[in-house]
Amino acid sequence: MLIQLSDIQRLYRSDEVETTALHDIHLSIDRGEFVAIMGPSGCGKSTLLNILATIDRPSGGVYRFGDRDLGRLPESELAIFRRTHLGYIFQSFNLIDELTIEENVELALIYRKLPRAERRIRVAAAMDRVGIGHRARHYPSQLSGGQQQRAAIARAIVGEPDLILADEPTGNLDTENGAQVMDILQTLNDEGATIVMVTHSPSHADLAKRRVDMLDGQIVISVRNAI
Amino acid sequence: MPNPRLPETDLPNTRLPHSRLPNAGLLAHGVLTFCRMLSRHRLYAALNIVGLGLGIAVFVVLSLVVRFEYGFDRRLPNAALIDRLDEIWTLPGEGRTHSMFSTFAAYDPLRADFPQIAAATRIDDNRCAVDDGRGQPATMSVSFVDPAFFDVFALPMRDGDARDALAAPDRVAISESTARRLFGTVDARGRQVGITNDDRRTLYTVSAVFRDVPPDMTVRPDILAVFPQDMKDRTLAFRHWGSSSGATWLRFRAAADARAVDAGLPDFVHRRMADPEVKPGWFNMTLSPLLDTHFGDLHNFGGESGSDRRVIDALGLVGLLALVAAVINYVNLATARAGLRAREVALRKVLGATRPQLVAQFLAESVVLLVPCAVLGVALAELALPFVNAMGGWAVAIDYAWLLPRMALVVLLVGVAAGLYPALVLSGYRPAAVLAASRAPSGGRMGQRLRNVLVVAQFGFAIAFAICTLVVNAQAAFLRTADRGFRQDHLFLVSLETSDRMQGRQQAVMDAMRAVPGVDAVTLSDRQPRSNNQSNSDFRRTDRPSVDPMLTIEKIGRNYRQAYGVTLVAGRWFDAAHGQDVAPTAQIDDNKPTTTSIVINERAVQALDFPDAASALGQVLTERQARFVIIGVVRDVRFMSARAPVTPQLYLRTDAVIPFSVVAVRADGVAPDAMMRRLQAAWRTIAPDMPFVGEAADGRLANYYRPDQQRGRLFTLGAGVAIVIACLGLYGLSSFSAARRVHEIGIRKTLGASTRDVLGLLVGQFLRPVLLANLIAWPVAWMAMRGWLAGFDQRIALSPSAFVVVSVAAAALSLLTILGQTVRVARAEPAKALRHE
Ligand SMILES: Nc1ncnc2c1ncn2[C@@H]1O[C@H](COP(=O)(O)OP(=O)(O)OP(=O)(O)O)[C@@H](O)[C@H]1O
Ligand SMILES: [Mg+2]
């Protein structure tokens, strides 16, 4: 068991209004799984991913990764966890405007303290893999939405992480490019990476090994796809 | 801490057809959004207002100071046509001395020879006992002048006629405050005043009351009386060309006349100077325009109270730079913040605002925000002025008629400068680009770089200034405690110069003082702290006759070494047991082959070209027939300012009468005031008919280091403000850019950056300009201070410690400034940070 969420809750409190983004989430994910999360807008998918990414802390419950209880780790340990195990493809790309695409991708390796030459090679490979190698020296604002999305994917996979979290990675892509991204994710999954992907596309969800449906902050269904 | 989020514009809810929205309405709407933004960004607004207010305050205060200093004497009628007669002495072996005092003997021949002189007066300031005809006398400054005084200095009258105010020898003119002090009223005309000068009390009638002379005048009399005849008879300066006891002022009808007289002076001196003691070439005269004296006198003899123009200019520059620095901050912050409003602008454009409308909105906002800054600045200036006046010895006040139009100009200029960039840049953005971008534009790489350059410039200035301040203060402190070669504490000086009649009673006075309880040693000499009375002569080395420097001769009495506490560096001190140690008279007759022992100072060792003090011992000097044997060498004694070099001199010991001498009393363990009273009481037993003129040596010497101390304090204030402004700027900028980078930091953390990584990144980025500023500041400060210190004969070494201290402090301070912001941002939860937009 790679990931085990028990009783995870997430409340947002702001000016007397309390929103419950997640209720009592129980979810176990094995190493090498490919999970697709579906559900209507606002049901808490991104929140769940943020918690899996440890960039948000649950209001209650336990998040175990391998044999560690991540909720008990100090912030500095979490940073190390993220830099070694995690690749995150954001819903809104989150590329840094002041850095070129190449530099944005490289950022994922900087904190691992890899030698520069190796970083170069890996960055080039990752960008080629998603097909934006020719845009390496451009700034994010000079790219189309789809290109930005692929840059964000390159950044997530360049570190060859164990766990890839993808928040609607195909949301801005046409069918062909979307299929290409799914192809990449499947290959990564075949190579051993565990993937959790949010998607609105049932056909893409069908490509995953398991499908989890959410509604109002709760998991309503979790089915394994027949392969 | 207000949430630094983008203001959410409420424009989309507006239902009005925006293309037809009236201009005024749009502007009002803009101001409304702006005020909401202000209240949301309270810190930003406070920073902006306080920073600029501080800059304005410094600018106002210092420009008032500069105006005061540059305005000296300019209010006096005909100021440009008034000149002072100065003397230039070029004694062999010594530099040129420009003296603002001149011999009074030149007065009559001068007026006879130069009809261009419209009016002339000599001024001799004296401390006299003044009484109102009945009560106790008080010591006041009485200026003895010639009857034409008011014809030269047309001081405004309150009561009386300037033309005949000094027409008779029994008349005095007094200032309003003197009248109030003496009589309790300004209606003093016709009243009687007793003035006791040189043992004689004379009764005068007040003929005129003149308005108090403002502090920005060089000549500021309290009481004016015409030279009494007996004073003219008695005072050497009226007869001898080699003596002076005051200044001579001339008024001309036209500037050309002054130039003509100035050109004729060398010839005049050659023709008229009749003093066998003054050799040709030693002495000359020149005119100094009144309007030049305030800044020009500092390096003239007697002009220590003048102002150093470089210091005043430096202060003016500091004021200007403080304003510029604050304006830079303001523009910087406004520009940086403007980026955050890009979405608002884009939306307004989508809704139909035109570019001119937007430009007008930004400019109006900017100017409106400046008004509280200006008000705060002037209020701070009002608060600071009393302190600044006390510090610098000024009497500066805010002249609102002068200030307000200038302030309005500053507000308008700064407002437009601060508003223009955001106005043009923001209104120029294409809305689609702004709305499509994931984040607010930052003014681009150029803007970023410019902001960094400005931070570097500001810190460079602040650091250089702080280093200079440390050096100036260190030198001032050093001067206060510097080794003057004698002990100035617990040393009292009792003058015998005032009257020739005291000469016969010298020994009696000394005996009386010696008997005072608490007195350790009493001596007599003709040189003293802060007085340039000196007689010089050429002395020739017998072994090397080509060496014949001019040495100053100081005649001293018994116990000089104990009283002054001078340090012997080689040989021995005078000893009555050695026959030739004590000269029979103070004046050695150089026509007779006598042999006398002398002690010389270290500069004389150099001047006489001895390799060291020890090798001077036993050597013989000659002055014509007279022979002098060097028995000892003392450490240089510095009676004058640390700026002036110590002259090479010799000491001559005698028990005979020493003309123009002063009694020095060393008394440890008694409070100075009490000691002074005891000395005065002792004086009365010997010379009840003579005024007692006593002073503590350290008080007298304080005049030498006080101006530098004042300057040091002022510089400290200026440097403090410069640093505060620089830090405010850095704070604003760092909080802005930290806020702007919250999102980026969220991404970095998701990618595995730890809080420490992020902290390092941010701190490094903010501190780099500060460190760079050091590189610029060091050479600038070093050059400036090397130049300034070179003006002192006695000075501290320019050590790197001041540089290191300031740089470390600046780095620490800026770190502290940015740390709060940075830590907060670096520790933010990434998920929250990523939503931040
Ligand atoms: N910082 C926040 N403060 C308050 N409420 C929040 C905050 N973040 C999210 N929410 C609320 O939590 C709920 C879940 O949000 P989340 O972003 O996880 O939805 P989502 O399933 O990813 O939707 P979408 O498909 O539109 O991306 C929503 O109702 C949202 O309004
Ligand atoms: Mg979402």
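Residue indices begin from 1 for each chain and proceed along its sequence in written order. Chain labels run from A onward and ligand labels from 1 onward, assigned in the order the entries are written. Where totals are concerned, whole chains, interfaces and linings use all residues; where local detail is concerned, this predicted model gives features only for residues with pLDDT of at least 70, and gives and counts side-chain atom pairs only at 80 or more. Heavy atoms throughout the structure, all of them, feed into the side-chain values; hydrogens and water do not.

Under an unreviewed UniProt entry, the name given to chain A is ABC transporter ATP-binding protein, and the organism recorded is Gluconacetobacter tumulisoli. UniProt positions are given in the numbering used here, feature names are shortened, and annotations may be inferred rather than shown by experiment. Chain A has a UniProt comment under Sequence similarities (unreviewed entry) that states "Belongs to the ABC transporter superfamily. Macrolide exporter (TC 3.A.1.122) family."

Let's shift gears to the site of ligand 1. Nearness is judged by heavy atoms alone; a residue qualifies as near a molecule or strand once a single heavy atom is within 4 Å of it. The full set close to ligand 1 counts 13 residues, and A:Ser41, A:Gly42, A:Lys45, A:Ser46 and A:Thr47 are the nearest of them. Those residues lying near ligand 1 are distributed over chains A and B. Throughout this description, a polar contact denotes any pair of N or O atoms lying within 3.5 Å of each other; where both atoms belong to protein, one of them has to be capable of donating a hydrogen while the other can accept it, and for residues adjacent in sequence the pair is counted only when both atoms sit in side chains. For ligand 1, a nitrogen atom lies 3.5 Å from a polar atom in the side chain of A:Tyr12. Interatomic distance of 2.8 Å between a backbone N/O atom of A:Gly42 and an oxygen atom of ligand 1. Relative to its free-state accessible area of 640 Å², ligand 1 is covered by the protein chains to the extent of 72%. Secondary structure is summarised from DSSP: a helix means a run of H or I of at least four residues, a strand means a run of E of at least two, and numbering begins at the N terminus for each. Ranked by residues supplied to the shell around ligand 1, first place goes to helix H1 (residues 45–52) of chain A with 3 residues. Exposure was quantified through the Shrake-Rupley algorithm and a 1.4 Å probe, taking into account, for residues, occlusion by the shown protein chains and nothing else.

Think of it in three bands: with a 1.4 Å probe and only protein chains considered, a residue is buried below 20% of the maximum accessible area for its type, exposed above 50%, and partly exposed in between. Of all the 10 residues making up helix H3 (residues 101–110) of chain A, 7 are buried; the element is thus mostly covered by neighbouring parts of the structure. Along H3(A), the residues classified as buried are A:Ile101, A:Asn104, A:Val105, A:Glu106, A:Leu107, A:Ala108 and A:Leu109. Residues of H3(A) that are buried sit in contact with helix H4 (116–130) and helix H5 (145–157) of chain A together with helix H20 (697–750) of chain B. A contact between two residues is defined here by any heavy atoms of the two lying within 4.5 Å.

Attention shifts here to the packing of H20(B) against helix H22 (residues 800–826) of chain B. When two helices pack together, their arrangement is captured by the angle between the axes and the distance separating the axes. Residues and elements named next belong to chain B. For the pair H20 and H22, interaxial distance at closest approach is 8 Å and the crossing angle is 25°. With respect to each other, H20 and H22 are oriented roughly parallel. Our pair here, H20 against H22, has a crossing hand that is right-handed. The segment H20 lies against H22, with Ile723, Cys727, Leu730, Tyr731, Ser734, Ser735, Ala738, Val742, Ile745 and Lys749 engaging Leu813, Ser814, Thr817, Ile818, Gln821, Val825 and Ala826. Polar here means any residue outside two lists: the nonpolar Ala, Val, Leu, Ile, Met, Phe, Trp, Tyr, Cys and Pro, and the charged Asp, Glu, Lys and Arg; Gly therefore counts as polar. Within the contact of H20 with H22, the residues separate by chemical class into 11 nonpolar, 5 polar and 1 charged. Whenever a helix is involved, its axis is fitted only over the stretch in contact; in every case the axis is a line through C-alpha atoms, and angles between N-to-C directions fall within 0 to 180 degrees. These descriptions rest on fixed angle ranges, namely under 35 degrees for roughly parallel, over 145 for roughly antiparallel, 65 to 115 for roughly perpendicular, and the rest for oblique. Should the near helix be turned anticlockwise from the far one by less than a right angle, the crossing is termed left-handed; should it be turned clockwise, right-handed.

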